[in-house]
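# Observations on chain architecture
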Amino acid sequence: MAGTPTLAVVLDGLSTAGLTTGCRHGVPWYVAHLGGHLVAALADLDRPLSEGLAGALERVAATHPECDLGDPGTPSATVAILRHRHGVLDYLVLADSPIVLDGPEGHTVITDNRVDEILPDLRAEVERHETHTQGHREALQRLVLAQRQVRNTTEGYWVASSSPEAAQHAVTGTTAMEGVHSAAVMSDGVSRLVTEYGMATWSEVFATLQVGGPRELIEAVRKVEATDPTGIRWPRYKSGDDAAVAYCRW
């Protein structure tokens, strides 16, 4: 996660499920470098977000040409960007890290869930197993291997990876700041409190953010997950996924 007075960026590295990536640096390295290049690229407020993302992807790829960037498992990440510019909000979402706008008529959720529409049989196989079991690990690896084959293709879904082309497939837009009280840019490890667990509404999420900030919201997610550590009530990939949230007010 990165931020400036006008910009909020949340990146969520994709799990490798213990599989090889063709890159000696790893996902955390990739996410850190992509975040830095994104903040630099979008310092120009008039630069379109997709153009800035494409440039950042190209620059990160150029920093490790010795790695196999054509490997289907090359380090990847979801992207969520919100920018305040000249009285408007620009947004970009690539994969399932959402942006939620809090306005007088309710909440607007901006997300990209194309990954949820593919390989339903393999996803169901993962969900049949409790987490932390051999069966779960093996089913998850089969799913990730299959996802890699359709990642960043027209038949599958798009994430930030080694090719700048992915930026052109992001969900983007601009909305007037007038009437938007606040916004939250988050990883799906936070949004699942509402979307998957059903243990909070967006109104409750923003109330928590206003009173206790991101830390209290993430603690609320962890408390819910602790009641179902092996994924019986809420079948999932991990007992607790990476959680990050940027709370934006102006």
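A quick note: this is a predicted structure, and the numbers were derived from the prediction, not measured.

This next bit is on helix α2 (residues 49-63). Residues that lie three or four places apart on an α-helix share one face, since the helix turns once every 3.6 residues. The first and last C-alpha atoms of α2 sit 21 Å apart over 15 residues, in line with the 21 Å expected at 1.5 Å per residue. Those residues of α2 lying buried are Leu49, Ser50, Gly52, Leu53, Ala54, Gly55, Ala56, Leu57, Val60 and Ala61. Close packing links the buried residues of α2 with α1 (27-41), β3 (77-85) and β4 (88-94).

A complete count under the given rule lists two aromatic pairs for this structure. Their ring planes at 40 degrees and their centres at 4.8 Å tell us that Tyr197 and Trp234 sit as a pair that is tilted. One end of the pair, Tyr197, is in the loop between α5 (188-195) and α6 (202-226); the other, Trp234, is in the loop between α6 and β9 (245-249), with 37 residues separating them in the sequence. Tyr197 sits in the buried class, given a relative accessible area of 5%. Residue Trp234 is classed as buried on the basis of its relative accessible area, which comes to 9%. Plain terms: the ring middles of Phe206 and Tyr247 are 6.4 Å apart, the flat faces sit at 65 degrees to each other, and that makes the pair edge-to-face.

Cut-offs used in this document
Residues numbered from 1 in each chain as written. Predicted model: local features only at pLDDT ≥ 70, side-chain atom pairs only at ≥ 80, totals over all residues. Heavy atoms only, no water. Helix = DSSP H or I, 4+ residues; strand = E, 2+ residues; numbered from the N terminus. Expected span 1.5 Å × (residues − 1). Buried < 20%, exposed > 50% of the residue type's maximum accessible area, 1.4 Å probe, protein only. Contact = heavy atoms within 4.5 Å. Phe/Tyr/Trp six-rings, centres within 6.5 Å; stacked < 30°, edge-to-face > 60°.

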